[in-house]
Amino acid sequence: HGVEVWLSSDNHLVDGGIATAPEIGTYNDNFGWGLGIEQQGVEPDVEVDNNPRVAFDGRDQQLEKAVEVLDQWLKEEPLVQPKPPAAKRDMSLPVDVENCAAK
């Protein structure tokens, strides 16, 4: 049993758009309100302290770490490239048939 998050759509903007906002939280019998995530967040697999000065200088330490982790993962478990399909059979008519008067 569970419910969804319902968004309001009655906040009309002057340009004709709508600003939505969550009004009703989620509930699940197993996790309670928020399905164990809402207002709690999710524990990261890799924690990165994103230094504000480094970010101001244009580096994204979280992105750099993600690329590093994915690169290592691909080294440990390389992707298996599927074999390309066989060449399609040439279905064009032979020259001697193309010139046939019966066609």
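Residues numbered from 1 in each chain as written. Predicted model: local features only at pLDDT ≥ 70, side-chain atom pairs only at ≥ 80, totals over all residues. Heavy atoms only, no water.

1. A few points about the overall build of the protein chain
We apply this condition: A run of H or I in DSSP becomes a helix once it reaches four residues, and a run of E becomes a strand once it reaches two; helices and strands are each numbered from the N terminus. Per-residue accessibility, obtained with a 1.4 Å probe over protein chains only, is compared with the maximum for each type, and a residue is labelled buried under 20%, exposed over 50%, and partly exposed between these values.
Looking only at helices and strands, one finds three helices and four strands in the protein chain. Secondary structure elements of the protein chain occur, N-terminal to C-terminal, as β-β-β-β-α-α-α. Within the protein chain, the fraction of its 103 residues that count as buried is 7%.

2. Observations regarding the pattern of salt bridges
The test is simple: A side-chain nitrogen of Lys or Arg and a carboxyl oxygen of Asp or Glu constitute a salt bridge if their distance falls within 4 Å.
As enumerated under the stated definition, the model contains four salt bridges in all. The salt bridge partner of Arg59 is Glu64, with a shortest N-O separation of 2.8 Å. Look at Arg59 and you get partly exposed, because its relative accessible area is 43%. For Glu64, a relative accessible area of 35% translates into the label partly exposed. Measuring nitrogen to oxygen at the nearest pair gives 3.1 Å for the salt bridge that ties Glu68 to Lys65. Of the two residues, Glu68 and Lys65 are both situated in helix α2 (residues 61–76); the distance of three residues between them amounts to about one turn of the helix.

3. A look at the side chain of Gln61
Within the secondary structure layout, Gln61 lies in helix α2. On the basis of relative accessibility, which here comes to 19%, the residue Gln61 falls in the buried class.

4. Digging into the environment of Leu63
By secondary structure assignment, the location of Leu63 is in helix α2. A residue is classified by how much of its surface remains accessible, and Leu63, at 52% relative accessible area, is exposed. Residues Leu63 and Val48, 15 residues apart in the sequence, show an inter-C-alpha distance of 9.5 Å.

5. So, the confidence of the model for the protein chain
To keep it simple, the criterion reads: A score between 0 and 100, pLDDT records how confident the predictor is in each residue.
Averaged over every residue, the pLDDT of the protein chain is 79; residues scoring 70 or more account for 70%. For the protein chain, helix α3 (residues 95–98) is the element with the lowest average pLDDT, namely 66, and α2 is the one with the highest, namely 95.

6. Considerations on α2
Threshold: What a helix should span is 1.5 Å times the count of its residues minus one. As used in this structure description, the phrase polar contact means that two N or O atoms lie within 3.5 Å; if the pair is within protein, one of them must be able to donate a hydrogen and the other to accept it, and residues adjacent in sequence are counted only when both atoms belong to side chains.
Relative to the 22 Å expected for 16 residues at 1.5 Å per residue, α2 spans 23 Å between its end C-alpha atoms, a close match to the ideal helical length. Measuring from the backbone nitrogen of Gln62 back to the side-chain oxygen at the start of α2 gives 3.1 Å, which picks out Asp60 as the cap.

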